[in-house]
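The lines below spell out each chain.
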Amino acid sequence: MEKDTNSTHNEFEKAEHKQEMQHQVISFVMMIIFTIAAFALVVSDISKYFTIPIILLLAVVQVVFQLYYFMHMKNKGHEMPALMIYGGLAVAFMTILTFTTIIWW
Amino acid sequence: MSTAVAQKKGFGAFMWDYLTTVDHKKIAHLYLVAGGLFFLLGGLEAMIIRIQLIKPDNEFISAGLYNEMITMHGTTMIFLAAMPLLFALMNAVVPLQIGARDVAFPFLNSLGFWLFFFGGVILNCSWFMGGAPDAGWTAYAPLSTTSPSHGVDFYVMGLQISGAGTLIGGINFLVTIVNMRAPGMSYMRMPLFTWTIFVTSTLILFAFPALTVGLFLMMFDRMFGSVFFDVAAGGNVIIWEHLFWIFGHPEVYILILPVFGVFSEVFATFSKKRLFGYSAMVFATVLIGFLGFMVWAHHMFTTGMGPVANSIFAVTTMAIAVPTGIKIFNWLFTMWGGAIRMTTAMLWSVAFIPTFTIGGMTGVMLAAAAADYQYHDTYFVVAHFHYVIVGGVVFGIFAALHYWWPKMFGKVLNEKLGKWAFWPFFIGFHLTFFIQHFLGLMGMPRRYWKFLDGQGLETGNLISTIGAFFMALGVIIFVWNIIYTHMKEPKASADPFDGRTLEWSIPSPPPFYNFKQTPLVRGLDALWIEKSEGKKAMTPAEPLGDIHMPYGSIIPFVMSLGLFIAGFGFIYQVDNPVWLSLVFIGMGITLGSMFVRSVKDDLGYHIHKEDLEKGDGQL
Amino acid sequence: MSNEDILNPKQMPHEPEKATLEGKNKFVGFWFFLGGETVLFASLFGTYLALNDSTAGGPGTEELFGLELVFVMTMLLLTSSLTSVYAMYHMKNNNFSKMMVWLGVTVALGLCFLGFEIYEFYHYIHEYEFTFRSSALGSAFYTLVGFHGGHVLFGLLWIMTLMGRNAKRGLNLYNAPKFYIASLYWHFIDVVWVFIFTVVYLMGKVG
């Protein structure tokens, strides 16, 4: 079946996709930088009370990039997905908090 | 081509039709029959427990068998009776209430049922294969990890498989409600039953994964030698308790919220008034769902979490009484000044209010962490959760079945027999469980095989057992009512109760495509709005056109059968590695059918406009 | 109009993954599923954090983990996330062959990752006798990381099945949602890995 892929009113969308792709490449570069920073922090043997919060923060920022740019959560039509991801994250937060605080007996 | 054609054929075709169906109305029948059978089984186990406790020092069954009975009664009633019966209602009603032709994923709907069914069968196979699970329905480690027979293995595999089915069902209904509502039906125009199912499905989505992980850890410990719950190797048994209750507490809201929806529909319909405080009811439903995730540790007050944790969980638990109270008052105000018809459905609903309020009150008592040390693991707790689960969920399911039976099967359940079933069950219920509050306060521990003479527990237990027989009588009359209705009662009209919501705008039972034309919703209680303007039917939102329908498929059955086979392999490979072959065969069947499903296009078919006009819904 | 015509329009829409009701359902449903997966992995992380000191006399995390291998694995998986973004970019531009190339690169990177992970497990078992059964830490470590590895394996099989099935017929509105949600799954695997390398390996190394 013939497909009309190069028609003119596609040009706008293509440009839009291209711009989105640029954002995604930028966020990829940032993620790589964050990863290297996290590994470097650990290797350089700084106090763990400094290192652990920072690497956790870097992880969270990376995940935000993944969700919002790579998985397009910033785009329209992602309201319900965002609601359920945040719901899941809330339960996840409660769970991990529990397992790091009140698991002893 | 159509599924309706098969109805007049022989038994084989009938069975094949149900094995392959992806029609939500038929899947509702499957859930109802399977859940109903498991309900009878769980009831039988309850009767055996009560007979054992009829007199002091009784020897009716052995101690080991008693442990199996209490475990299987709890597990069966929660996972294999209450959940599927609620899924039956969801399947039967939600797509109709939102004006949809089917659920979002008809194939997954069928898969969810068969996973539940085979999980339940695995669990009950344990009776014939060396003994049922005997560590309580909560299966606390290390009692469960050290239980010598294969019983707990059956518990793990059965719940894992049926839990996967429930999760699939939950996602399916979420997407159905989000994406498939008829034009004009905004979120705040959804009937309250649909709203409660929406919140329930969200709870399923977030609660069941915790159970999945807990069961995997248990499975690895029991079958593959890991040491999560083995303190000698650094394990920690509290992990199981937390994982179980992070799932387990939302689970009780998963059970109760749908019936809150049922009561909201029943009270509005049989009071001939719109639901009082609709938006407050929606708000309370969402709030209960939200708070439901912050209270699980109130099951663990005596574990030794410390006063801070206990206080936090006590406060959040008591907070749940607020939205629940909002609901109780809204139901009362719905009835206030209404033209009340005391049908059987209404009778169950009215009986629910005081019963559930007692359960809620003892709930607040149990939430007081300091006092809970006294109540914990006594019959007080048993009385409390039977007041909320039987007085709430079971009453609600009975109300719903009386209310929606004509929509599911095309006949109104006999009213006289309905009331004859109600009274023994209602009286028997209070006889059985009210006295148990006092037995608990007098110090009778739960889950004990025997009690001894001369401790003042004889009369209470005797009354309790007599009550249980009344409840059994009620259930028997209800079953007789079903048989009687299907033999003697006439066919029901589309709208036998003067209903308010969309499901009553189409024939009883509906054609397999539900709505010939998608209705246009102009407000809350969509059908009632049309009726009050003197119209006989809904205004269609679209011209008559071809309807797209999915094909049936046997793959969900085969996929679940594969897991069923693999389940036995997992359980018995501990004894002999030869059994691993069953794991490979079973997983091969399951993954193979997933592969087939993936590569074979399933595009569905169209019912043509001309056929719709010609058949006038009787295709 | 027959199904074939509906699913193979002359002009592919802007977002082919959401152009049909089935596509929209798949899209929303899969996101919801990922919400549930979040809780699943949180439970596993919680279990790991509760047990990460329970060595039962065996080797602890500081002794076990080597950061070089983890760094390489992280780079592989992060890059595979970007390549699957490229694949979706070409899907939206209706360039099927380029999409397939990028998906192929994604699969290759995923396979490398999986190979390294198997080597890592093998190394721990044979060099340190650190196994699934040796301590609660071992049980928790292999379960958490193994669940992630299982997800990687399933994702690879899934993407390869989709590629094989659709290699000859190109993109249409029936398979576009399938490709899209497979890529969402792949990104989610990367999200989980970000927390694994941070919480398990880096924090394990810091002590």
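Fair warning: this is a prediction, and the values are worked out from it, not measured in the lab.

## Observations concerning the overall build of chain B
Secondary structure assignment for chain B yields 20 helices and two strands. Expressed as lengths along the three principal axes of its C-alpha atoms, the size of chain B is roughly 70 × 60 × 50 Å. Out of the 619 residues belonging to chain B, those deemed buried represent 56%. By sequence separation, contacts in chain B at least 24 residues apart represent 81% of the contacts at least 6 residues apart.

## Topic: the overall build of chain C
Helix and strand counts for chain C come out as seven helices and zero strands. Tracing chain C from N to C terminus, the helices and strands come up as α-α-α-α-α-α-α. Its C-alpha atoms put chain C at 70 × 30 × 25 Å along the principal axes.

## So, the domain arrangement of chain B
Residues and elements named next belong to chain B. Per the domain assignment, the segments of chain B are domain 1 (23-553 + 602-615) and domain 2 (557-594). The distance between the C-alpha centroids of domain 1 and domain 2 comes to 30 Å. Only helix 4 (106-125) and helix 6 (151-179) provide two or more residues apiece to the side of domain 1 that touches domain 2. Looking at the side of domain 1 that touches domain 2 element by element, the count peaks at six residues for helix 4. Residue composition of the side of domain 1 that touches domain 2, grouped by class: ten nonpolar, one polar and one charged.

## Here's the deal with unusual backbone geometry
All names here are of chain B. With an omega dihedral of 5 degrees, the bond running from Ala 141 to Pro 142 counts as a cis peptide bond. As for its placement among the helices and strands, Pro 142 is situated in the loop between helix 4 and helix 5 (143-146). For the bond from Ser 508 to Pro 509, the omega torsion is -15 degrees, close enough to zero to count as cis. Mapping Pro 509 onto the fold places it in the loop between helix 16 (458-488) and helix 17 (526-532). Unusually for a residue other than glycine, Ala 139 sits at a positive phi of about 45 degrees.

## Structural notes on the UniProt feature "domain: Cytochrome oxidase subunit I profile" (unreviewed entry) in chain B
The sites that UniProt annotates as "domain: Cytochrome oxidase subunit I profile" (unreviewed entry) are residues 10-522 of chain B. As a span, residues 10-522 of chain B carries 69% helix and 0% strand, and end to end its C-alpha atoms are 44 Å apart.

## Section: the interface of chain B and chain A
Contacts between the two partners involve 17 residues from chain B, matched on the other side by twelve residues from chain A. Listed by contribution, the elements that provide at least two residues to the side of chain B that touches chain A are helix 7 (192-223) and helix 8 (238-271) of chain B. When the residues that make up the side of chain B that touches chain A are grouped by side-chain class, the tally is eleven nonpolar, six polar and no charged.

## So, the interface of chain C and chain A
Tallying the contact residues gives 43 residues for chain C and 45 residues for chain A. Breaking the side of chain C that touches chain A down by element, the ones donating at least two residues are helix 2 (21-51), helix 4 (67-92) and helix 7 (176-206) of chain C. Considering each element in turn, the side of chain C that touches chain A owes the most residues, 15 residues, to helix 2 of chain C.

## Let's talk about the packing of helix 7 of chain B against helix 8 of chain B
Residues and elements named next belong to chain B. Running from N to C, helix 7 and helix 8 point in directions that differ by 160 degrees, and their axes come no closer than 8 Å. The orientation of helix 7 with respect to helix 8, classified from their angle, is roughly antiparallel. Seen along the crossing, helix 7 lies across helix 8 with a hand that is left-handed. Of the residues that constitute the contact of helix 7 with helix 8, the class distribution is 26 nonpolar, five polar and two charged.

## Quick notes on the UniProt feature "transmembrane region" (unreviewed entry) in chain C
All names here are of chain C. Sequence positions flagged by UniProt for "transmembrane region" (unreviewed entry) are, in local numbering, residues 28-49, 69-89, 101-119, 139-163 and 184-204. Its end C-alpha atoms 30 Å apart, residues 69-89 is made of 100% helix and 0% strand. The distance separating the terminal C-alpha atoms of residues 139-163 is 35 Å; by composition the span is 100% helix and 0% strand.

## Here's the deal with the environment of Trp 31 of chain C
With respect to the element layout, Trp 31 of chain C can be found in helix 2. Sequence-wise, Trp 31 of chain C and Tyr 185 of chain C are 154 residues apart; in three dimensions their C-alpha atoms are separated by 9.0 Å.

## Things to note about the packing of helix 2 (residues 24-52) of chain B against helix 3 (residues 63-97) of chain B
Residue and element names in this part refer to chain B. In contact at an axis separation of 7 Å, helix 2 and helix 3 are set at 155 degrees when each is read in the N-to-C sense. On the basis of the axis angle, helix 2 is roughly antiparallel to helix 3. The hand of the helix 2/helix 3 crossing is left-handed. Of the residues assigned to the contact of helix 2 with helix 3, the class counts are 24 nonpolar, seven polar and two charged.

## Here's the deal with helix 15 (residues 415-441) of chain B
Helix length check: helix 15 of chain B, at 27 residues, gives a terminal C-alpha distance of 39 Å against a target of 39 Å (1.5 Å per residue), a fit within 8%. Downstream of helix 15 of chain B by a residue or two, Gly 443 of chain B has a phi angle that is positive, lying close to 105 degrees.

## Quick notes on the environment of Asn 172 of chain B
Residues and elements named next belong to chain B. Relative to the elements of secondary structure, Asn 172 occurs in helix 6. Judged by C-beta crowding, with 26 C-beta atoms within 10 Å, Asn 172 ranks as buried. Residues Asn 172 and Pro 406, spaced 234 residues apart in sequence, show a C-alpha to C-alpha distance of 25 Å. Among residues more than four places away in sequence, those in contact with Asn 172 are Val 103, Ala 104, Phe 105, Leu 108, Asn 109 and Gly 112.

## With respect to the confidence of the model for chain C
The predicted model of chain C averages 94 in pLDDT, with 99% of residues at 70 or higher. Model confidence for the complex is summarised by a pTM of 0.95, with the ipTM given as 0.95.

## Digging into the confidence of the model for chain B
Summing up the model confidence of chain B, the mean pLDDT is 95 and the portion of residues at 70 or higher is 98%. Note on residues 1-6 of chain B: pLDDT is under 50 here. Beyond four places in sequence and across chains, it has 13 contacts.

About the cut-offs
- Residues numbered from 1 in each chain as written.
- Chains lettered and ligands numbered in written order.
- Predicted model: local features only at pLDDT ≥ 70, side-chain atom pairs only at ≥ 80, totals over all residues.
- Helix = DSSP H or I, 4+ residues; strand = E, 2+ residues; numbered from the N terminus.
- Buried ≥ 20, exposed ≤ 12 C-beta atoms within 10 Å, placed from the backbone.
- Contact = placed C-beta atoms within 7 Å.
- Domains from an automatic or database assignment.
- Nonpolar A, V, L, I, M, F, W, Y, C, P; charged D, E, K, R; others polar.
- UniProt positions renumbered as here; feature names shortened; annotations may be inferred.
- Axes fitted to C-alpha atoms, helices over the stretch in contact; angles between N-to-C directions.
- Parallel < 35°, antiparallel > 145°, perpendicular 65-115°, else oblique.
- Left-handed = near helix turned anticlockwise from the far one by under 90°.
- Expected span 1.5 Å × (residues − 1).
- pLDDT = per-residue confidence, 0-100.

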